[in-house]
Amino acid sequence: MTTTDTSAQVQRDAEGRLRHLITLEGLSRDEMIALLDLAQFYVRSPGDLPARDQSLAGHTVANLFFEPSTRTRVSFELAAQRLGADVVNLDMQSSSRVKGETVLDTIYTLQAMLADVLVMRDAEPGLPAYVARYVAPHVCILNAGEAHLSHPTQGLLDALTVRQAKGDFSKLKILIAGDISHSRVARSAWQAFSTLGVEELRIAAPEDLMPGANEFAGATRFTNIDQAIADVDVVMALRIQRERMSGAQIPDEVSYHRSFGITADRLAKARPGAIVMHPGPMNRDVEIASNVADGPQSVIQQQVTNGVAVRMAVLATIARNVQARRHFQ
Amino acid sequence: MTTTDTSAQVQRDAEGRLRHLITLEGLSRDEMIALLDLAQFYVRSPGDLPARDQSLAGHTVANLFFEPSTRTRVSFELAAQRLGADVVNLDMQSSSRVKGETVLDTIYTLQAMLADVLVMRDAEPGLPAYVARYVAPHVCILNAGEAHLSHPTQGLLDALTVRQAKGDFSKLKILIAGDISHSRVARSAWQAFSTLGVEELRIAAPEDLMPGANEFAGATRFTNIDQAIADVDVVMALRIQRERMSGAQIPDEVSYHRSFGITADRLAKARPGAIVMHPGPMNRDVEIASNVADGPQSVIQQQVTNGVAVRMAVLATIARNVQARRHFQ
Amino acid sequence: MTTTDTSAQVQRDAEGRLRHLITLEGLSRDEMIALLDLAQFYVRSPGDLPARDQSLAGHTVANLFFEPSTRTRVSFELAAQRLGADVVNLDMQSSSRVKGETVLDTIYTLQAMLADVLVMRDAEPGLPAYVARYVAPHVCILNAGEAHLSHPTQGLLDALTVRQAKGDFSKLKILIAGDISHSRVARSAWQAFSTLGVEELRIAAPEDLMPGANEFAGATRFTNIDQAIADVDVVMALRIQRERMSGAQIPDEVSYHRSFGITADRLAKARPGAIVMHPGPMNRDVEIASNVADGPQSVIQQQVTNGVAVRMAVLATIARNVQARRHFQ
């Protein structure tokens, strides 16, 4: 399946409206701003009751996680519940694959049960766009994480978090640091920040974890984290997996922390008031120092709160677009 | 537990109303028609929002799947949610058996928590009828698949699908083809179609997968699929499991497809406009050719849609019967 | 983590209201009576629809079970649903630990998603009180079973069951029998009955399963079950695990039953009308004879019914206390 080049087209209907959300590629600045504005409308502070409306009343959301992720599944589940949807969870590791059912047959089955929003996560590339080509007109595919390629709601929640803390994107220097080459979080963040128009986007990675030259157009590349972090407004640390370190000739977690971790000393080189982000779950004292993660410049928990709000905004927008199509057909 | 001969009695209350649904055996034609009519009332087309009412408001449905089946569990779960019930899922592989709790104690526990509809699936025969003898008067057992014996909601959804496509049962020749001997789907379909009164019911299987002579009364038996399919209005293919093939001296899936698969060539021998059914999940190009499964005569996705509607009809009927008993006691 | 000595303090807010429920230690008699009265208000008989209100509307309950327990998870899930809460289940065996996320990061994540009641069960001691120190002011921790130490909702449901059957606690002799040393059920029951003021609390265990002398203050100790059971009003049998028997020089389940099981003969030595309790799941004919478990003196199923009611009462009380804090801040 080599479908990623067309995910941007596949996710739109004949009138150009967003029908699925598979990638942030091709979204206009106005579209992103509209999603961020609606998400902001759904944000509540800890201690307040969550926002809640009936935008998805009567709709059925199915979570299909071929790759396990409790955090992201719960975030989508709560977003859907708070919009009044019915939600079913399918653990795709254990169940349908047992009987050798093809993914497309699973999708057709859910569609025939009148599930109309399918949230998918998969370790392989291509499934969301592939499936989106075959589903009925009223069914929406939401990409909840696809290989190293795309995690669009994460990109949006990162953008929302930056906007809340820093306002105007055009004045900002943003650093994404870590295992860029394997990171869907980095790719979706790059798409969001490029489209929203930041002053400078930097990526910093050990040489072996740097993406190919044809990717991350417009970003400044660093292999030295101390140079990369200088004077930035936003530092986004990425999760590093132990098996990636050895591929990058890094012997262990301590070495990684020493050469690439976001520490208090390094953070001091960023602009005063710079914020620190991480998509979670964190390896504390590996890609990020524990005292930085819990420190005053960290907005990591705010990212989680924004994640539910962004997913509510995406669900509500997609459902509204489906209804618009229905009324004009 | 040798209880199947009495499942038909156990599922009725003192006034003869359906209290559980364990088997289609013993249901009258009028009872089946009433269930199909109510199910039809709940059917919606893909693209419409699902039917929804409050027939089960205040009730609690527990899904107890001792044999895994994501499709059937989700179908019951959505049916119950759309009728306003609370739903809990118990994965019986991993949980209560860990501590050696007896099934009956699990049932008593759920009943004491005021769960009043227990949906059960098990690979062994006898559990639903056994449990039905012990539960309190307000608790209903729904059989969601029992060994090779019974899958009553599948039989009803198959009947509903045939009625939608073909109308009057009395003019129809229906073929069920494949591993009849191990199939609960075939047994429940035979019960439904016999009671509804089809012109001819045919079963076709390799010799070693043909049921005993005392079963499937009234059905015409074939071991040659090409003869069996001639002039039928409905072809229902059954799932074949690889381990059954070797028992039937069939070396592999290719051989099975060649000798017993429903192919376009074979389908051409049926009546024009014959429909093709499959209970899912399919082994594509084994018991059914992929192009037949996706072809214009296939009603396989309609079966899935009808499955939710039939389960809503059964849940609503059972709940109404419980309430009727309550008011007259 | 050695936090159990302070669980009683940690669970109260600055005004002394219950903010979490981690232990029954330190609860006053009036507090317990208020919880039992509210639980009684939520009790319904089998055959009636469950009690239901909107005390938790808008709230989100997350079930975090680090130790599996389908019964207790379903009991909390139904209690929360029947009070109008949104509920999410996290299977902590399989999911977040996969990626090495710390428990505290999981808690912070759920809190940032605006989950405000976290129901936790763990085989190790200390986690609920540890977590309670770090959560935001609006988040409540409910202990659903902690090592051998604490199971507060079980203690309350046991007290409620005794009160329903016997009324005035001050006249009662209560026996808890079995593996006292490893039992959180016994410890929470002891706290409840001590606070409510029973005439005599007896504990009976094989010598090697007797708790240390500094525990169970005020209880009379027996190693002979036949002496212990004489003239009691309540017999509470505890679950015995096979691996504990060998530690106690008991060769097998038959021997355990002979020397410590609650049999009809032994029960005849208790007061006429004595009730028999068990927290479930039972090992039938090990710690309790099957005919006693199902006999006329058994209130084991009533305990399960009371379990949901007690959890509703705890959830509603905790939520009301959160709201009280909010209004006066």
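These numbers were taken from a predicted model, which means no experiment stands behind them. (Residues numbered from 1 in each chain as written. Chains lettered and ligands numbered in written order. Predicted model: local features only at pLDDT ≥ 70, side-chain atom pairs only at ≥ 80, totals over all residues. Heavy atoms only, no water.)

Once that is clear, we can look at the UniProt feature "domain: Aspartate/ornithine carbamoyltransferase Asp/Orn-binding" (unreviewed entry) in chain A. Per the UniProt entry, the sites bearing "domain: Aspartate/ornithine carbamoyltransferase Asp/Orn-binding" (unreviewed entry) are residues 171-317 of chain A in this numbering. Between the C-alpha atoms that bound residues 171-317 of chain A the distance is 29 Å, and the span itself is 39% helix and 14% strand. (UniProt positions renumbered as here; feature names shortened; annotations may be inferred. Helix = DSSP H or I, 4+ residues; strand = E, 2+ residues; numbered from the N terminus.)

This part covers the domain arrangement of chain A. All names here are of chain A. Segmenting chain A into domains produces domain 1 (4-151 + 305-328) and domain 2 (152-299). In total, domain 1 and domain 2 occlude about 2,400 Å² of area from one another, counting both sides; carbon and sulfur atoms represent 61% of this. For the domain 1 face of the interface with domain 2, the top three residues by lost area are Leu24, Leu36 and His151, together amounting to 28%. Summed over the shared surface of domain 1 and domain 2, the number is two salt bridges. The salt bridge partner of arginine 184 is glutamate 67, with a shortest N-O separation of 2.8 Å. The tally of links between domain 1 and domain 2 comes to 14 residue pairs in polar contact (both at pLDDT 80 or more). (Domains from an automatic or database assignment. Buried area = accessible area lost by both parts, 1.4 Å probe. Salt bridge = Lys/Arg side-chain N within 4 Å of Asp/Glu carboxyl O. Polar contact = N/O pair within 3.5 Å; in protein donor to acceptor, adjacent residues only side chain to side chain.)

On to the interface of chain C and chain B, then. Between chain C and chain B, the residue contacts involve 27 residues of the former and 26 residues of the latter. Between chain C and chain B the total buried area reaches about 2,400 Å² when both faces are included, carbon and sulfur atoms providing 56% of it. The largest per-residue losses of area from chain C upon contact with chain B belong to Leu49(C), Thr70(C) and Gln301(C), which jointly make up 20% of the total buried on that side. Counting across the chain C and chain B interface gives two salt bridges. (Contact = heavy atoms within 4.5 Å.)

It is worth spelling out the sheet that holds strand β6 (residues 200-204) of chain B at this point. Residues and elements named next belong to chain B. Here we have five strands laid out as an open sheet, ordered β7-β6-β5-β8-β9, and parallel in their pairing. Each of the sheet's edge strands pairs with one partner strand only, and the pair in question is β7 (220-222) and β9 (275-277). Strand-to-strand, the axes of this sheet are offset by a mean angle of 20°, without reference to chain direction. Of the strand pairs in this sheet, strand β8 (residues 234-237) and β9 are connected by three bridges, and their pairing is parallel. Considered in β9, the bridge of valine 235 is made with valine 276. Helix α6 (residues 152-166) rests against β5 (173-177), β8 and β9 of the sheet, and its axis sits at about 165° to β9. (Pairing = 2+ DSSP bridges. Axes fitted to C-alpha atoms, helices over the stretch in contact; angles between N-to-C directions.)

Counting across every chain of the model gives 57 salt bridges over all chains. In the salt-bridge network here, residues are joined through shared partners; they are Lys173(A), Glu199(A), Glu200(A) and Arg202(A).

On to the relation of the copies chain A and chain C. The operation relating the pair of chain copies consists of a rotation about an axis and a translation along that axis. The transformation that overlays chain A on chain C combines an axial shift of 0.0 Å with a rotation of 120°, and the residual RMSD is 0.0 Å. Within this description, the copies of the chain are treated as partners about a three-fold rotation axis. In terms of proximity to the rotation axis, the leading residue of chain A is Asn89(A), whose C-alpha is 6.1 Å off the axis. (Least-squares fit on C-alpha atoms with pLDDT ≥ 70 in both.)

All names here are of chain A. The alternating pattern of strand β8 (residues 234-237) places Val234 and Met236 and Val235 and Ala237 on opposite faces, both of which are buried. Note that strand β5 (residues 173-177) and β8 share four bridges and pair parallel. From the neighbouring strand, isoleucine 174 faces β8, where its bridge partner is valine 234. (Buried < 20%, exposed > 50% of the residue type's maximum accessible area, 1.4 Å probe, protein only.)

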